[in-house]
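Residue-level structural notes
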Amino acid sequence: MSSPDDARFRPGGPTPDDDDVGAGYREAPLPRSSAPPPYGAIEEAPAPPPRSTPTIPSPSTPTIPPQPRTPRRPRSALLAAAVVVLLGGAALIASVTEGSDDDDAPTGGWTTTSGMPQTWSVTPADLSSAPSGSTEFVRNPDGAFTGPRMITGDTAWVIAWTTGDSVTSGLAAIDPASGAVLWDRPLARVVCADQQVDGALLCLALDGDTWVYHRIDATTGADLATAATTLENVQTVHAGGEGLVVIGSAEPAPHAQLSGLGPDGTLLWSFDVATTENADLLFTSVYDSAGAPVLERPRWRDLDGGLVMLWSTPGVAIIDPGTGATFVHECRAATPMGDHYYCQVGEDLHRYALDGSLSWSSPGLRPAVPEDASDSRLVALGEPTTNRFEVVALDQQTGQIVGDPTYRFDQQPGMWTGIILPPTVSAEPDATFVVGDSTLIALDPETSTLLWTLPHDHTYVGDIVQIGDVAVVDTGDALGLDLATGRVLWEHPTIGDLSRVGDALVSTTSTDIILLEMP
């Protein structure tokens, strides 16, 4: 099988989870489906038999399916998630095949402009407590693999900074209206939950040899509560209930301290993860195959009932922040969906209830991996041969395939990894985007009907977010598409990561935070 986990990797960024991809792969037909390959993809493939709609569109031609769309209920707001844009890497300009007679079809011929207008910008030189010349902004203040660059709220956007030794050295807050620095303060090795809780930051910082809990007013920077803890080390934290869930680094794996703190910093519970069945599934050594297993790529996700998921391939831990009750099991491409979640286990797609019980298993399928800044939404993939992935619609209550495959992607070995990686998914309010090596498709989020397809020749396509009626695509630059049709509206050079905060588009790098204006 191809890698079931992270499908897109930024140049110079972290590498994939799986170093044994392809070992023992057994080619098998897609269960409960007999869809033909895409037109012209494999010469010896049989001609497609007559089929009912929806058909599998050709990956080489931009199309909008001719059937009329069923109107959807108006959404209360066109929310958008953050978009992360390739940091420091060059990207090719997308080339779109023309030839459609449909005025709403995606078309090429757009112009790359000189840059997006800026409302304000902040640099490390604007921080009064940070040393000049060596200070940089930190990518993930929560210590997780996919934490956001900023911890945002209505009155303050908070970012961590470092003096250049890759260890966090302090925090700073920015007025989102003016770009003025509201406050900044040194805090050694500080890590904070990636969301504000009642206008406060929940953080841990090292004071000598002691990890101290800080509950900080996000607008003023003042401590609302502090408490010394007995934590021995801290790798990453997440808001759970009114307090923090904390996990330390491996010492050695599968030993690591997992703890819960109350809103005042009181230790609620703490135990060695190694005492939990299957704890070894949270630790791998892909980055250093000769090294000891570590908690390499931890990612936090929230579930209903206040539960928290810690996803660290090849496993997940489901944690109750109030009691510390925790279980661990195998789960690749973890896709949390509120009151349930999906995993790839072996070569099958599993749906689990929040108590870890298996609801159903669908052989030969897998969930597409959600992009880092995207909310989760299940897109089921079949892989009838090693490099070919079919998007299939599922009855999510039973796991049964409904109708014919929606689309088929042919994937190629990755530029940096040399392994075949599956398409990824970005879930937005009015569309589900699935990205392959050479094609982007949009699906109706309620019916999984194909809305449109758009060929591309970018070496990297990451997160896609919805801002109003525009889909902003991470290609290394910012690419704006008409959400309803896929038509390319504009493309702007950008530097750093793009995120949507409220209705604002923000660019962040290690040396700049810039409030941008949407075209």
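Residues numbered from 1 in each chain as written. Predicted model: local features only at pLDDT ≥ 70, side-chain atom pairs only at ≥ 80, totals over all residues. Heavy atoms only, no water.

1. As for the nonpolar core
The condition that has to hold: We define the nonpolar core as a collection of buried residues of types Ala, Val, Leu, Ile, Met, Phe, Trp, Tyr and Cys that are connected through side-chain atoms lying within 4.5 Å of one another. Throughout, exposure labels follow a simple rule: accessible area from a 1.4 Å probe, protein chains only, divided by the maximum for the residue type, with under 20% read as buried, over 50% as exposed, and the rest as partly exposed. To qualify as a helix, a DSSP run of H or I must reach at least 4 residues; to qualify as a strand, a run of E must reach at least 2; elements of each kind are numbered from the N terminus. In this description, contact between two residues means that some pair of their heavy atoms is separated by no more than 4.5 Å.
Counting residues in each nonpolar core, the largest one holds 18 residues, and the members touching the most others are Ile247, Leu258, Val273, Leu282, Trp300 and Ile319. Among the secondary structure elements, those contributing two or more residues to this core are strand 12 (243-247), strand 16 (308-312) and strand 17 (315-319). The residues contacting Trp300, other than those within four sequence positions of it, are Asp142, Ala144, Thr236, Val237, His238, Val245, Ile247, Val308, Met309, Leu310 and Ile319.

2. Remarks on the side chain of Arg149
Our working definition: Within 3.5 Å is the distance limit for a polar contact, defined as a pair of N or O atoms, with the added protein rule that one can donate a hydrogen and the other accept it, and that residues adjacent in sequence qualify only through two side-chain atoms.
By the secondary structure assignment, Arg149 is in the loop between strand 2 (136-137) and strand 3 (151-152). Judged by relative accessible area, Arg149 falls into the buried class, the value being 8%. Within the structure, the side chain of Arg149 is placed 2.7 Å from the backbone oxygen of Thr509, a separation counted as a polar contact.

3. Concerning the packing of aromatic side chains
Applied cut-off: Two rings belonging to Phe, Tyr or Trp (six-membered ring only in the last case) form a pair when the distance between their centres is within 6.5 Å. Interplanar angles under 30 degrees mark stacking, angles over 60 mark edge-to-face geometry, and anything in between is tilted. Here, over-ring charges are defined by two tests on the NZ atom of lysine or the CZ atom of arginine: distance to the ring centre within 6 Å, and angle to the ring normal within 35 degrees.
All told, the structure shown has six aromatic pairs when counted by the stated rule. Relative to Trp157, the ring of Trp120 has its centre 6.0 Å away and its plane inclined at 45°; by these criteria the two rings are tilted. One end of the pair, Trp120, is in strand 1 (residues 118-122); the other, Trp157, is in strand 4 (residues 157-162), and 37 residues separate them in sequence. An identical accessibility class is assigned to Trp120 and Trp157; each is buried. Each ring, one from Phe433 and one from Trp452, has its centre 6.1 Å from the other, and the planes form 50°; the classification is tilted. Here Trp452 lies in strand 33 (residues 450-455) and Phe433 lies in strand 31 (residues 431-435), a separation of 19 residues in the sequence. We classify Phe433 as buried; its relative accessible area is 0%. On the basis of relative accessible area, Trp452 is assigned to the buried category, the value being 0%. Just above the ring of Phe145 sits the side chain of Arg297; from NZ or CZ to the centre is 4.0 Å. For the cation-ring pair, Arg299 lies above Trp311, with the distance from its terminal atom to the ring centre recorded as 3.9 Å.

4. Here we look at the sheet that holds strand 35 (residues 470-474)
As a reminder, the rule being used: At least two DSSP bridges between two strands are needed for those strands to be called paired. Each axis is a line fitted through C-alpha atoms, and for a helix only the stretch in contact is used; angles between axes span 0 to 180 degrees, taken between their N-to-C directions.
Judged by pairing direction, the sheet is antiparallel, and its four strands sit side by side in the order 34-35-36-37 without closing on themselves. Two strands close off the open sheet at either side, each with one partner strand: strand 34 (464-467) and strand 37 (488-492). Ignoring which end each strand starts from, the neighbouring axes of this sheet average 25° apart. Pairing of strand 35 with strand 36 (residues 478-482), which is carried by five bridges, proceeds in the antiparallel orientation. Pairing of Ala471 across the sheet is with Leu481, part of strand 36.

5. Structural notes on the pattern of salt bridges
For clarity, the threshold we go by: Salt-bridge detection follows one rule: a side-chain nitrogen of Lys or Arg within 4 Å of a carboxyl oxygen of Asp or Glu.
Evaluated as defined, the whole model comprises four salt bridges. The residue Arg388 makes a salt bridge to Asp410 at a minimum N-O spacing of 3.2 Å. Highlighted residues: Arg388 in strand 26 (residues 388-392) and Asp410 in strand 29 (residues 407-410), separated in sequence by 22 residues. Assessed through its relative accessible area of 7%, Arg388 is described here as buried. Here Glu390 ties to Arg408 by a salt bridge, and the two come within 1.4 Å at their closest N and O atoms. With Glu390 in strand 26 and Arg408 in strand 29, the pair connects residues that are 18 residues apart, well separated along the chain. Using a relative accessible area of 1% as the deciding quantity, one classes Glu390 as buried.

6. So, unusual backbone geometry
For residues other than glycine, phi is negative in most cases, and the peptide bonds are mostly trans. In the segment running from Glu251 into Pro252, the intervening peptide bond is cis, with an omega of -25°. Relative to the helices and strands, Pro252 resides in the loop between strand 12 and strand 13 (257-261). With an omega of 5°, the peptide bond between Ala253 and Pro254 qualifies as cis. Within the chain, Asn278 stands out as a residue other than glycine whose phi angle is a positive 70°. For Asn278, the location among the structural elements is in the loop between strand 14 (267-272) and strand 15 (299-302).

7. Some thoughts on the sheet that holds strand 38 (residues 497-501)
If you walk across this open sheet you meet the four strands as 1-40-39-38, and the pairing is antiparallel. In this open sheet, the two strands that pair with only one neighbour each are strand 1 and strand 38. Each neighbouring strand pair of the sheet contributes to a mean axis angle of 20°, computed without reference to strand direction. Sheet topology note: the strand 39 (residues 504-508)/strand 40 (residues 513-516) ladder contains four bridges and is antiparallel. Along strand 40, the bridge assignment pairs Thr508 with Ile513.

8. Considering the environment of Ile514
Its location among the elements puts Ile514 in strand 40. Classification of Ile514 by relative accessible area gives buried; the value is 8%. A C-alpha to C-alpha distance of 9.7 Å links Ile514 and Pro117, two positions 397 residues apart in sequence. Not counting residues within four places of it along the chain, the set of residues in contact with Ile514 comprises Gln118, Trp120, Ser121, Leu505, Val506 and Ser507.

9. Examining the confidence of the model for the chain
Formally: Note on scores: pLDDT gives the predictor's confidence for each residue, bounded by 0 and 100.
Counting all residues, the mean pLDDT for the chain is 79, and 77% of those residues have values of 70 or more. Per-residue pLDDT stays below 50 along residues 6-63; that stretch engages in 149 contacts with residues further than four places along the chain or on separate chains. The model gives residues 66-114 a pLDDT under 50, and that stretch makes 128 contacts with residues more than four places away or in other chains.

10. Overview of the state of the cysteines
Note the threshold: Here, two cysteine sulfur atoms that lie within 2.5 Å of each other are counted as a disulfide.
Scanning all chains against the criterion turns up two disulfides. Covalently, Cys192 is tied to Cys203 through a disulfide, its sulfur atoms 2.1 Å apart. Taking the torsion about the sulfur-sulfur bond, which here is approximately 105°, the covalent link between Cys192 and Cys203 counts as right-handed. One end of the pair, Cys192, is in strand 7 (residues 191-192); the other, Cys203, is in strand 8 (residues 200-207), and eleven residues separate them in sequence. Considered together, Cys192 and Cys203 belong to a single accessibility category, that of buried residues. A disulfide bridge connects Cys331 with Cys343, and the sulfur atoms are separated by 2.0 Å.

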